[in-house]
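Coordinates in review
Below are the chains, spelled out letter by letter.
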Amino acid sequence: MFLNSIDDLYIVQELDSRYYGFLNLTDPKNNGIKDLIQQSITILQDEVASSHSINMSKQRDLQHANVKCDVAVKYEEHIKENSGIESHACDSKLALPSDFKPKGNIGVGEVDIETYCKLGHLHLLLTEYYEALSAYQKYMRLCPKYWNNHSFLYGLGIVYFEFRCFKWSIKLFQELLYLNPYFVCANEIHLRLGLMLKVNGDFRSALKHFQLALADSSPSTFSDLQVKFQIAHLYEVQNKHKAAKESYEFILNDKNISLDLKADIYRQLGWMYHCVECLGEKKERESKALRFLQKSIEAEPKCGQSLYLLGRCYAGVNKVHDAFLAYRNSVEKSEGNADTWCSIGVLYQQQNQPTDALQAYICAVQLDKDHKSAWTNLGILYESCGQLRDAYACYLNAVKQISNQGPPPPYPHNHGSQTNPTPAKRAKDDNTEMSTINRSEKLEINTQFSQQNKKIFSVQQDKLGLQLTASNCHPLNKMSSSVTPGSDVSSERINTYSSDASSTNIIKEESTDLEQHVSSNNQVSLGRSIIACSQNSSELIEDFNQSYSDNSKNSVKHESSTQSNDDSYIIEQKTKNEYDLDPDISPKFNIHMESKQLWSAVQLLPVHEPPINFTVFLRNSPPPTPPDCPPQKLSREQLLPPTPSVHLENKKNAFSPQLQEFCLKHPIAVVRGLAGALKLDLGLFSTKTLVEANPDHSVEVRTQVNQSPDENWDISQAKRVWACISHRSHTTIAKYAQYQASSFQDSLKDEGDKGSVGSQVMSDSDSKDSVSNSNINLKRKKTKNGSKMLRFGTNVDLSDERKWKPQLSELQKLPAFARVISAANMLSHVGHVILGMNTVQLYMKVPGSRTPGHQENNNFCSININIGPGDCEWFAVPDSYWGGIHNLCEKNNISYLHGSWWPVLEDLYKENIPVYRFIQKPGDLVWVNAGCVHWVQSVGWCNNIAWNVGPLTARQYSLAIERYEWNKLQSFKSIVPMVHLSWNLARNIKVSDVKLFELIKMCLCQSLKNVFHIQEFVKSKGVEIRFNGRGKNEASHYCGQCEVEVFNVLFIREQEKRHVVHCLPCVLKLSPSLQGIVCLEEYRLSELEHVYDSFTLYRTQGLGQTH
Ligand SMILES: [Zn+2]
């Protein structure tokens, strides 16, 4: 057994993570290639092992001084967080001996670091995830610029996905798409991102990724219908039942639907009819539910889940016998289902068979010790027969599960789900009488559990498996047929893992066999040949031929590299990697080149391929990532810093340059008495005046829970959380004014009579669009515990000068740096309206109205004036700590950019994050500096006005660009089109600040280079670029698919009779040859070249610039 031919070598060289899911190695037809992969793994492992033993002695002598790898340190976190998995992976054959130190100079020696990557790929293809993980992580530690290796990022992302380590999988996938939107498996990534974000409750992002997966025409491991099914399910988990039902029915009408998918859809529909009241009258719903579930079982008779749900439906209509039958069938099909056992318990309990019920519940909690419903029911059972202590213990377990509850399950049958009426409730309602349960049975539970505890490992694995729901019918698992679905995965994996010992033996035997054929040195070179996917293959084949045919002699080439000094080898290796993976490095681009030189340099690039990644950052820089918090440990006092504030006496103060300097110096500043000093007529923004001016003007409403400012409780008021509930609807100024006034009246009444009248003022019924980025399903009810709901009138658009003339002209009295429009404000150079940023927005508040935590769009500064009569309370964190807050959001399972969150102050202090806290009185202006994280709550009844400004500073510009790139990575739309803006700045202003100049010029340089490259690429495809120009005040363009800014070269495709702009990556996914695409140009190249060349550093006279 050996790599027999050059063909074999070619095949192995080709293989990497991109074949995952496409290459079905369980198919006997592929046995040949499977053997090939296994042999290659053996060769590479032996290479690692032998080189290690050679180096062992060398290593000890080496100083630990050189090549400290920052990335490795950073990614220690990866390793730490996934240590549960890794510790097991360490036992595998691949792992190096225990004295192997990953940090510092680890004496990579003769092992090419690419070996680890290749091993990762090959193990991945064999679905040996532990081994793949171990190899990939080793590669990541050793390779300083691992992010340039895209198939590596993809492979590790897949492994994390399979282990349900969603946080890391999402991170890697996002980085990969950011670095290479053309990646061949982009559609596979979008689908998986969609699934993970759905589980995380970030539904908007999930939908976006599903749609991007659908729009991609390249080959995939899933069908369009499967993606559509996921989208329909996305509606379902958001309680958009009618939309979900319609989408499911639409898929059912498709002729090409597979039997599996049919079964899935019938099951979802059946269960929806069972649970969802708005789908019709109860009796009719129940019969539809039964019919659909039966259809589901017909389509897929082996699905235990549908049988289980059928049992639930029968139980619901009191067909006890049928219910038992269905449950029994379900247990036969999938014995490991805790839900089924729990429901059987309920049924027994209802039939007055407590002993049987007890046993069933015990089965449930044995299968899933986190099963909340089973614990609750067990508690009820004990309680009803007077065993209070036992009952208490069970309830305690149940409560523990509430607080541990992870993300919502993708399927409704899961026990934590809202749509699922818990059996516990029904059991309680029935008030079943229980006979006493004897001690021995109870003891059984205890012993069972101590046994369970011994198997912590397996429980941990179960947890991993459970997060994506242990459903045997999960469509995703079907997509990658090689993976055993659901909770079985974990046990299966454990088996594979434990059987490793024997397989290692086999490998050993094979390798000794192999050694008889090839000397160890030749093995090394063979290993190199295997991993050399991107290198010049003919040369390698020659190498291989030579070493293979000439067994007794060492290949000269490789000998020299193996015996060279370690350090030089590493350097050599590094440069080689950079060159291989980054063809763009050869011609250098910099801001000192003229446009003609840029153009010539672009001609040297492979212009028949699209430009890989347009970023304002330099090439080869790592993908953006949130910064670590400043390390300096803060005292309790420093964690509560005094807020920078200044009191204005008169107009002169307001216009002094010191005021602007003061504001620009601090993360946030409050300018007190501004309205008085400038004699601003705040009355123009009072509710009364607004109603008189434009009563029918639209107001967006956020419905929120009234809470004290430093607290944020979950919907059940059980614990403090970050997720802030706020759902959206619309009304008019007049109607909101009425609400605001009556809320005030009611509070006066309340003074005497402490009732909860306030909550009756508003009804929730008119809220149409409930937006919740949290995992909590909103109930259309008043909250328990009588907590008040309130309505916050937000984002009232005051941009229309005809409608709001007196108001807007009053704001002209402000000093220039704070004005909505001014030459020194970057946002005035965008050339078109960005609502709420370069126009005024108004907020109408009742006490408790919350603006959740955020940074301003693209990190611009903001101005906020309180109109009064009441106060507002502000919380703010300096921008350098945003990474810390980002991590806390992640920990709380809420999206930093998309989610709505209210920080728990103690969490911030624990993380050494300081918080400014202050009151904004009527007439006070708050200056929010670039990047400052802040959240605001009104103390009294008041209105506020706000807008953004962009001072012409290097700090503002670089923070805006940084956020622009971070948004791109996060698939979050940047509403400030930074590229378009930069070109306008170059046209309109003279820059004397060196740093600011260089930053803007860098953006222009990258942008121009990109335009050149795209145009050459388009021409190489034989497509004509038509000049289109730009209309006056025409908005800048964004891709209709992925929402990234599209500058100058627009790809237009007709979609449902609309002309939609696309970016190049998206359009290539729709039409790889650009057929049927119109390509338009906004500016002539000559114009851009002129702007670029004329934009030079402005040297102010008299002041000698140092640069
Ligand atoms: Zn796009």
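Structure shown above.
Model, not experiment: these values are computed from the prediction.

Focus on the coordination of the zinc ion
Distances from the zinc ion to its protein donors, Cys1039 (SG), Cys1042 (SG), Cys1063 (SG) and Cys1066 (SG), fall within 2.2 to 2.4 Å. Spacing between the donor residues of the zinc ion along their common chain follows C-x2-C-x20-C-x2-C. Take Cys1066: its relative accessible area is 9%, and that puts it in the buried class.

Re the pattern of salt bridges
Tallying each qualifying case throughout the model produces 28 salt bridges. In this structure, Arg18 engages Asp16 in a salt bridge whose closest nitrogen and oxygen atoms are separated by 2.7 Å. Overall, Arg18 belongs to the partly exposed group, its relative accessible area being 34%. Two residues, Glu1087 and Arg987, come together in a salt bridge whose shortest N-O distance is 3.4 Å. Here Glu1087 is found in helix H47 (residues 1085-1094), whereas its partner Arg987 is found in helix H44 (residues 978-988), with 100 residues between them in sequence. Given the relative accessible area of 29%, Arg987 is considered partly exposed.

Considering the nonpolar core
Within the largest apolar cluster, 95 residues are counted, with the highest numbers of intra-cluster contacts made by Ile37, Phe152, Val877, Ile885, Leu908 and Trp935. If sequence neighbours within four positions are ignored, Leu908 has contacts with Trp722, Val877, Ile885, Leu888, Pro903, Ile913, Val915 and Trp935. Counting residues in each nonpolar core, the second largest holds 59 residues, with Met593, Val607, Leu1064 and Phe1095 among its members.

Some words on helix H12 (residues 224-237)
With 14 residues, H12 should cover 20 Å at 1.5 Å per step; its first-to-last C-alpha distance of 20 Å lies within 8% of that length. Among all positions of H12, only Leu225, Gln226, Val227, Phe229, Gln230, Ile231, Ala232, His233, Leu234, Glu236 and Val237 are buried. Just downstream of H12, Asn239 is the residue with a positive phi angle, here 65°.

Points about the packing of aromatic side chains
Counted according to the given criterion, the structure contains 29 aromatic pairs. Between the aromatic rings of Tyr273 and Phe292, the centroid separation amounts to 5.6 Å while the plane-to-plane angle is 15°, which identifies the pairing as stacked. Here Tyr273 is found in helix H14 (residues 259-275), whereas its partner Phe292 is found in helix H15 (residues 282-299), with 19 residues between them in sequence. With relative accessibility at 3%, the residue Tyr273 sits in the buried group. On the basis of relative accessibility, which here comes to 12%, the residue Phe292 falls in the buried class. Put simply, the rings of Tyr136, Tyr139, Tyr146, Trp147 and Phe152 touch in pairs and so form one group of aromatic residues. Positioned above the aromatic ring of Phe292 is the side chain of Arg291, whose terminal nitrogen or guanidinium carbon lies 5.9 Å from the ring centre.

A few points about the side chain of Ser1036
Topologically, Ser1036 is positioned in the loop between strand S14 (1025-1027) and strand S15 (1037-1038). Judged by its relative accessible area of 10%, Ser1036 falls in the buried class. Within the local environment of Ser1036, its side chain forms a polar contact with the side chain of His832, the two groups lying 3.0 Å apart. Filtering out sequence-adjacent residues up to four positions away, Ser1036 remains in contact with His832, Pro977, His980 and Arg1030.

Observations regarding the packing of helix H10 (residues 186-199) against H12
For the pair H10 and H12, interaxial distance at closest approach is 11 Å and the crossing angle is 15°. Classified by the angle their axes make, H10 and H12 are roughly parallel. Crossing angle aside, the handedness with which H10 passes H12 is left-handed. Mapping the contact onto sequence places Leu191, Leu195 and Lys198 in H10 and Val227, Gln230, His233, Leu234 and Val237 in H12. In the contact of H10 with H12, the residues fall into five nonpolar, two polar and one charged.

Some remarks on the packing of H12 against H14
Between H12 and H14, the least distance of the axes is 11 Å, while the angle of their chain directions is 15°. Compared by their axis directions, H12 and H14 come out roughly parallel. Judged by the sense of rotation from one axis to the other, the crossing of H12 with H14 is left-handed. Residue-level inspection shows Leu225, Gln226, Phe229, His233 and Glu236 of H12 in contact with H14, the latter providing Leu261, Asp264, Ile265, Gln268 and Met272. Taken together, the residues that form the contact of H12 with H14 break down as five nonpolar, three polar and two charged.

Considering the side chain of Ser822
Secondary-structure assignment places Ser822 in the loop between helix H40 (805-810) and strand S6 (841-845). Apart from residues lying up to four places away in sequence, Ser822 is in contact with Ala816 and Ser828.

Notes on the sheet that holds strand S12 (residues 933-938)
With antiparallel pairing, the four strands of this open sheet are ordered in space as S7-S12-S9-S10. Taken across any chain shown, the strands that pair with only one partner, and hence form the sheet edges, are strand S7 (850-854) and strand S10 (916-920). When the angles between neighbouring strand axes are averaged without regard to direction, this sheet yields 15°. In terms of strand pairing, strand S9 (residues 872-877) meets S10 through five bridges, oriented antiparallel. Residue pairing in the sheet places Ala876 in a bridge with Tyr916 of S10.

Here we look at the pairing of strand S8 (residues 861-869)
For a regular strand, side-chain orientation follows a simple rule: the groups alternate between the two sheet faces. Judged by how many residues are buried, S8 sits mostly within the fold: eight of nine residues are covered. Summarising the sheet, S8 and strand S11 (residues 925-928) pair through four bridges and their orientation is antiparallel. Each residue of the ladder has a partner; that of Ser862, found in S11, is Val928.

Examining the sheet that holds strand S17 (residues 1049-1055)
Strand order in the open sheet formed by four strands is S14-S19-S17-S18, with mixed pairing between adjacent strands. Of all the strands in the sheet, the pair left with one neighbour each is S14 and strand S18 (1058-1062). Taking the axes of each pair of neighbouring strands and ignoring which way they run, one obtains an average angle of 40° across the sheet. The pairing of S17 with strand S19 (residues 1078-1081) spans four bridges and is antiparallel. For Val1049, the partnering residue across the bridge sits in S19 and is Glu1081. Sheet strands touched by helix H45 (residues 994-1020): S14, S17 and S19. Its angle to S17, the strand with the most contacts, is close to 50°.

Reading guide: rules and limits
Residues numbered from 1 in each chain as written. Predicted model: local features only at pLDDT ≥ 70, side-chain atom pairs only at ≥ 80, totals over all residues. Heavy atoms only, no water. Donors = N, O, S within 2.8 Å, 3.2 Å for Na, K, Ca; no water. Buried < 20%, exposed > 50% of the residue type's maximum accessible area, 1.4 Å probe, protein only. Salt bridge = Lys/Arg side-chain N within 4 Å of Asp/Glu carboxyl O. Helix = DSSP H or I, 4+ residues; strand = E, 2+ residues; numbered from the N terminus. Core = buried A, V, L, I, M, F, W, Y, C linked by side-chain atoms within 4.5 Å. Contact = heavy atoms within 4.5 Å. Expected span 1.5 Å × (residues − 1). Phe/Tyr/Trp six-rings, centres within 6.5 Å; stacked < 30°, edge-to-face > 60°. Lys NZ or Arg CZ within 6 Å of the ring centre and 35° of its normal. Polar contact = N/O pair within 3.5 Å; in protein donor to acceptor, adjacent residues only side chain to side chain. Axes fitted to C-alpha atoms, helices over the stretch in contact; angles between N-to-C directions. Parallel < 35°, antiparallel > 145°, perpendicular 65-115°, else oblique. Left-handed = near helix turned anticlockwise from the far one by under 90°. Nonpolar A, V, L, I, M, F, W, Y, C, P; charged D, E, K, R; others polar. Pairing = 2+ DSSP bridges.

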